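# Observations on the three-dimensional arrangement
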Amino acid sequence: QVQLVESGGGLVQAGGSLRLSCAASGRTFSSYAMGWFRQAPGKEREFVAAISRSGGNTYSGDSVKGRFTISRDNAKNTVYLQMNSLKPEDTAVYYCAAERLPFMHDPRVGPPTDFGSWGQGTQVTVSS
């Protein structure tokens, strides 16, 4: 498994921006597709974005398309989520996730779906 630690959450006004980071342990980070999810109080966990092992393919949930961008730096074992034009409904705990096993994801068939390692989460609060 991959150990993941998120950072960068906080309180921001509507219309503002935040960048989340997720640092991964180990030397095999580039072997895993990665994703971001979020969960608001009383709601189910929601897919936010995902990225292929190389970073050449990215995927976004409908609610964040055009506002959030996922990227990764394999040399730094880190995946990012740039969040722009934030809305109060983006308020949630944001979680970073790695595929359950290395080299599972095939970008030709769509986004990764089988995540097996999760971070502890970072709170994002957007005030109106």
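Residues numbered from 1 in each chain as written. Predicted model: local features only at pLDDT ≥ 70, side-chain atom pairs only at ≥ 80, totals over all residues. Heavy atoms only, no water.

### Focus on the side chain of Ser-117
Where we set the bar: Going along the chain from the N terminus, every DSSP run of H or I of four or more residues is numbered as a helix, and every run of E of two or more is numbered as a strand. Partly exposed residues are those whose accessible area sits between 20% and 50% of the maximum for their type, while under 20% is buried and over 50% is exposed, using a 1.4 Å probe and protein chains only. Identification of polar contacts relies on pairs of N or O atoms within 3.5 Å, with a donor-acceptor requirement for protein atoms, meaning one able to donate a hydrogen and the other able to accept it, and with residues adjacent in sequence counted only if both atoms are side-chain atoms. Note on contacts: a residue pair is in contact if any heavy atoms of the two residues lie within 4.5 Å.
For Ser-117, the location among the structural elements is in strand 10 (residues 115-118). You can call Ser-117 buried: its relative accessible area is 3%. Among the polar contacts made by the side chain of Ser-117, one reaches the main-chain amide nitrogen of Val-2 at a distance of 3.2 Å. Filtering out sequence-adjacent residues up to four positions away, Ser-117 remains in contact with Gln-1, Val-2, Leu-4, Cys-96, Ala-97 and Ala-98.

### Some details on the state of the cysteines
The line we're drawing: In this description, the term disulfide denotes a pair of cysteine sulfurs within 2.5 Å.
Within this structure, the stated rule accounts for 1 disulfide. Here Cys-22 engages in a disulfide with Cys-96; their sulfurs sit 2.1 Å apart. The sign of the -80° torsion about the S-S bond sets the Cys-22-Cys-96 disulfide as left-handed. Taken as a pair, Cys-22 in strand 3 (residues 18-24) and Cys-96 in strand 9 (residues 92-99) lie far apart in primary sequence, 74 residues in all. The same class applies to Cys-22 and to Cys-96, which are both buried.

### Some words on the environment of Val-12
Assignment of secondary structure puts Val-12 in strand 2 (residues 10-13). Of the residues examined, Val-12 reaches a relative accessible area of 12% and is grouped as buried. Considering only alpha carbons, one finds Val-12 and Lys-87, 75 residues apart in sequence, at a separation of 9.4 Å. Those residues within four positions of Val-12 in sequence are excluded, and the remaining contacts are Ser-17, Leu-18, Leu-86, Thr-125, Val-126 and Ser-127.

### Quick word on the pairing of strand 9
To keep things clear, this is the line we draw: A pair of strands counts as paired when DSSP detects no fewer than two bridges linking them.
Counting buried positions along strand 9 yields 6 of 8 residues, so the element is predominantly enclosed. Here 6 bridges tie strand 4 (residues 34-39) to strand 9, and the two strands are oriented antiparallel to one another. Paired with Phe-37 across the bridge in strand 9 is Tyr-95. Pairing geometry for strand 9 and strand 11 (residues 122-127), over 3 bridges, is antiparallel. Pairing of Ala-92 across the sheet is with Val-124, part of strand 11. Note that strand 9 and strand 10 share 3 bridges and pair antiparallel. When the bridges of strand 10 are listed, Glu-99 appears paired with Phe-115.

### Examining unusual backbone geometry
Negative phi is the rule for most residues except glycine; trans is the rule for most peptide bonds. For Asn-77, which is not a glycine, the phi torsion comes out positive at approximately 55°. Tracing the backbone shows Asn-77 in the loop between strand 7 (68-73) and strand 8 (78-83). On the basis of relative accessibility, which here comes to 17%, the residue Asn-77 falls in the buried class. Even without being a glycine, Ser-85 presents a positive backbone phi close to 50°. Secondary-structure assignment places Ser-85 in the loop between strand 8 and strand 9.

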